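Listed below, chain by chain, are the residues.
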Amino acid sequence: MGMKYSLSAKNLVCRNLETHASYCAGLLNPDHTREITGILRVDSGLLSYSLNRTVTNTVMPARILRRFVVEYFAERHSPFTLWHCANKPLDDAEMEELGFTRREPMVAMVAEVQRLAMEESLTEDLRGGLEIAPVTADNLMEYGDLQAAQFAGEREGPQLKKFYHHLHGLPESKRSRLKLFLARLGSEPVAGGCLFASADALGFYDLLTLEAYRERGIGKALFCHLLEQASHSHQKHAVALTAPDKQELLLEAGFFAVGEVAQYRFEP
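Everything in this summary refers to the structure shown in the same document. (Residues numbered from 1 in each chain as written. Predicted model: local features only at pLDDT ≥ 70, side-chain atom pairs only at ≥ 80, totals over all residues. Heavy atoms only, no water.)

## As for the overall build of the chain
Right, so step 1: The secondary structure content of the chain amounts to 7 helices and 11 strands.
Right, so step 2: In summary, the chain has a C-alpha radius of gyration of 18 Å against a globular reference of 18 Å for 268 residues, a match within 12%.
Right, so step 3: Put simply, the chain has 268 residues, and 51% of those count as buried.
Right, so step 4: Within the chain, contacts between residues at least 6 apart in sequence are counted, and of these 73% link residues at least 24 apart.
Right, so step 5: Accessible area for the chain stands at about 13,000 Å²; split by element, carbon and sulfur atoms hold 50% of it. (Helix = DSSP H or I, 4+ residues; strand = E, 2+ residues; numbered from the N terminus. Rg over C-alpha atoms; globule rule 2.2 N^0.38 Å. Buried < 20%, exposed > 50% of the residue type's maximum accessible area, 1.4 Å probe, protein only. Contact = heavy atoms within 4.5 Å. Areas by Shrake-Rupley, 256 points an atom, 1.4 Å probe, with all protein chains shown as cover.)

This is how it looks when you write it as structure tokens:
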């Protein structure tokens, strides 16, 4: 198998998650990341639970979580997501007492880049009509609108738009580690996704198809396109976090499930 799909594989996913969190927040907030043993805390400065993230890789005493993370964000009236990467679970009752809501856990997935492959199978109505291209300064806001669309009626949507608006004002070189892709059907943006390279892996993030366009093979076509991009990267490994019911496409492409990452949300 070459690589032992074990803790070290899961660590690849978690390190990429940490680096991605710090990188995104750092584009907005110079004072974005703090770390103590076993916990990384990332503050984007926005009121966004997707961009404000805490990653834990050991089980922390509740008082440390309270002081280092909960009080910090509560004081800023800011939501955040806590990703727990250790195999030993956190105590749910304790987490609830701290004000966390448990969300669906995600499956950590790893692949060797050179083994990635996927049968591209565009349905008839997509052939010739679907165009997938890297996001440029000209359509960055369309990508932002697309990512925000999944949060209709939540504060999260406008906060994400703010993030992409800020990105739009930066020189491309400042945000170059976020490789964003937009899929259009005719002139309509219908799907998007991101590749992010950390030191030791290429991460797949934010793959999203607008609700009205699902079940038509668009998400799969986008994923195939990202796989194709990944195959030209110098990275040895690709990583992803996916919902338990969304593993199939990744497994088919050559990813392996290497463990679970628990997810908690804090809303002040």
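## Observations concerning the nonpolar core
Right, so step 1: Formed by 44 residues in total, the largest nonpolar core has its most connected members in Phe 163, Leu 167, Leu 178 and Leu 180.
Right, so step 2: Broken down by element, the residue count for this core peaks at 9 residues, all from helix H1 (residues 7–26).
Right, so step 3: Of all hydrophobic cores here, the second largest spans 29 residues; its members include Met 109, Met 118, Ile 132 and Ala 221. (Core = buried A, V, L, I, M, F, W, Y, C linked by side-chain atoms within 4.5 Å.)

## What to know about the pairing of strand S4 (residues 80–84)
As a general feature of sheets, a regular strand has side chains that alternate between the two faces.
Right, so step 1: With respect to burial, S4 is a largely interior element, 5 of its 5 residues being buried.
Right, so step 2: Residues of S4 alternate between two faces, with Phe 80, Leu 82 and His 84 on one and Thr 81 and Trp 83 on the opposite face, all of them buried.
Right, so step 3: In terms of strand pairing, strand S3 (residues 53–56) meets S4 through 4 bridges, oriented parallel. Bridge pairing in S4 links Thr 54 to Leu 82.
Right, so step 4: Considered for its hand, the β-α-β crossover made up of S3, helix H2 (residues 62–75) and S4 is right-handed. (Pairing = 2+ DSSP bridges. Right-handed = clockwise from strand over helix to strand, strands pointing away.)

## Observations regarding the sheet that holds strand S9 (residues 202–209)
Right, so step 1: Within the open sheet, the 11 strands sit side by side as S1-S2-S3-S4-S11-S5-S10-S9-S8-S7-S6. Their pairing is mixed. Unpaired on one side and paired on the other, strand S1 (33–36) and strand S6 (130–134) mark the two borders of the sheet. Between one strand and the next, the sheet's axes are offset by a mean angle of 20°, whatever the strand orientation.
Right, so step 2: Alignment of S9 against strand S10 (residues 237–242), held across 3 bridges, turns out to be parallel. Note that in S10 the partner of Leu 202 across the bridge is Ala 238. (Axes fitted to C-alpha atoms, helices over the stretch in contact; angles between N-to-C directions.)

## Overview of the layout of surface pockets
Right, so step 1: Considering only enclosed or pocket space, the second largest pocket measures out at about 200 Å³ in volume.
Right, so step 2: If you go around the second largest pocket, you meet 13 residues; those closest to its centre are Lys 179, Leu 195, Ala 197, Leu 202 and Ser 233.
Right, so step 3: When contributions to the lining of the second largest pocket are tallied by element, the ones reaching two or more residues are strand S7 (178–185), strand S8 (188–197) and helix H6 (218–231).
Right, so step 4: If one sorts the elements of the lining of the second largest pocket by residue count, S8 sits on top with 3 residues.
Right, so step 5: For the lining of the second largest pocket, the class distribution of residues is 6 nonpolar, 5 polar and 2 charged. (1 Å grid on protein atoms, 1.4 Å probe; cavity = no way out; pocket = protein on both sides within 12 Å on 5 of 7 lines; lining within 4 Å. Points joined across faces, edges and corners; volume = space filled by probe spheres on them. Nonpolar A, V, L, I, M, F, W, Y, C, P; charged D, E, K, R; others polar.)

## Things to note about the pairing of S9
Right, so step 1: Among the 8 residues of S9, 6 are classified as buried, and the element is accordingly described as predominantly covered.
Right, so step 2: In this structure, S8 lies alongside S9, joined through 6 bridges in antiparallel fashion. Bridged to Cys 194 within S9 is Tyr 205.
Right, so step 3: Here S8 folds back onto S9, and the loop between the two strands holds 4 residues.
Right, so step 4: Handedness of the crossover is the feature at issue here: the chain leaves S9, passes through H6, returns alongside S10, and the resulting connection is right-handed.

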